[in-house]
Amino acid sequence: MSKKLSIVRFKPKPECFDEFLQNIQDWHDQVFSDGNHRLMRTDEEVVAIVVRDSETIQDNITRGVAWLDSQRPLLQEYNEVDRHTLPMTGDLVV
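Remember, it's a predicted structure, so these values are computed and weren't measured experimentally. (Residues numbered from 1 in each chain as written. Predicted model: local features only at pLDDT ≥ 70, side-chain atom pairs only at ≥ 80, totals over all residues. Heavy atoms only, no water.)

Even after reading the chapter, I still don't get the environment of P14, so can you show me in this structure?
Topologically, P14 is positioned in the loop between β1 (3-10) and α1 (17-31). As for P14 and D43, which are separated by 29 residues in sequence, their C-alpha atoms are 9.4 Å apart. (Helix = DSSP H or I, 4+ residues; strand = E, 2+ residues; numbered from the N terminus.)

The structure is reproduced here in structure tokens:
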């Protein structure tokens, strides 16, 4: 079974940064209870890093987009194409 690594960058509106950070922490604790996730913060961004089985990735992405829809008012758009996230997913090399 192969593993996938996903990195997703979010840019909360400055006035919503703490609220978004708490929301994504709560979301990750509910969805990724196996501990294969991390969150990183910079001055302007929150970055989510997740390792998951390739068989579950599509279901995770579908649920993640539904959650993201509820969070969009808290986020700035990066651009018209990527909108509220800068995602990257690929095969984990061990």
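It is not clear to me how the side chain of E45 should be interpreted in this structure. Could you clarify?
Mapped onto the fold, E45 is located in the loop between β2 (37-41) and β3 (46-53). A distance of 2.5 Å separates polar atoms of two side chains, one belonging to E45 and the other to Y78. In contact with E45, not counting residues within four places along its chain, are R9, F10, K11, P12, F17, M40 and Y78. (Polar contact = N/O pair within 3.5 Å; in protein donor to acceptor, adjacent residues only side chain to side chain. Contact = heavy atoms within 4.5 Å.)

Whenever I open this one, the layout of surface pockets confuses me. Can you help?
Vacant regions in the atomic arrangement are exposed by a probe of water-molecule size rolled over the atoms. Approximately 400 Å³ is the volume found for the largest pocket. The wall of the largest pocket is formed by 20 residues, among which V8, F10, R52, I61 and G64 lie closest to the centre. Only β1, α1, β3, α2 (57-71) and β4 (85-91) provide two or more residues apiece to the lining of the largest pocket. In terms of residue count, the dominant contributor to the lining of the largest pocket is α2 (six residues). Taken together, the residues that form the lining of the largest pocket break down as 13 nonpolar, six polar and one charged. (1 Å grid on protein atoms, 1.4 Å probe; cavity = no way out; pocket = protein on both sides within 12 Å on 5 of 7 lines; lining within 4 Å. Points joined across faces, edges and corners; volume = space filled by probe spheres on them. Nonpolar A, V, L, I, M, F, W, Y, C, P; charged D, E, K, R; others polar.)

Looking at this model, I keep getting lost on the nonpolar core. Mind explaining?
It is characteristic of soluble globular proteins that their nonpolar side chains tend to be buried jointly. Formed by 17 residues in total, the largest nonpolar core has its most connected members in F10, F20, I24, V46 and W67. Top element by residues in this core is α1. It accounts for six residues. Setting aside residues no more than four positions away along its own chain, W67 makes contact with F20, N23, I24 and W27. (Core = buried A, V, L, I, M, F, W, Y, C linked by side-chain atoms within 4.5 Å. Buried < 20%, exposed > 50% of the residue type's maximum accessible area, 1.4 Å probe, protein only.)

It is not clear to me how the pattern of salt bridges should be interpreted in this structure. Could you clarify?
Should the charged atoms of two oppositely charged side chains come close, the side chains can pair. Summed over the entire model, instances satisfying the criterion amount to seven salt bridges. The salt bridge partner of D53 is K3, with a shortest N-O separation of 2.8 Å. Note that D53 is positioned in strand β3 and K3 in strand β1, a separation of 50 residues in sequence. A salt bridge links D59 to R63, with the shortest nitrogen-to-oxygen separation between them at 3.9 Å. Residue D59 and its partner R63 are located together in helix α2, separated by four residues, close to a single helical turn. When its relative accessible area of 36% is taken as the criterion, R63 is described as partly exposed. (Salt bridge = Lys/Arg side-chain N within 4 Å of Asp/Glu carboxyl O.)

Structural measurements only, silent on function.
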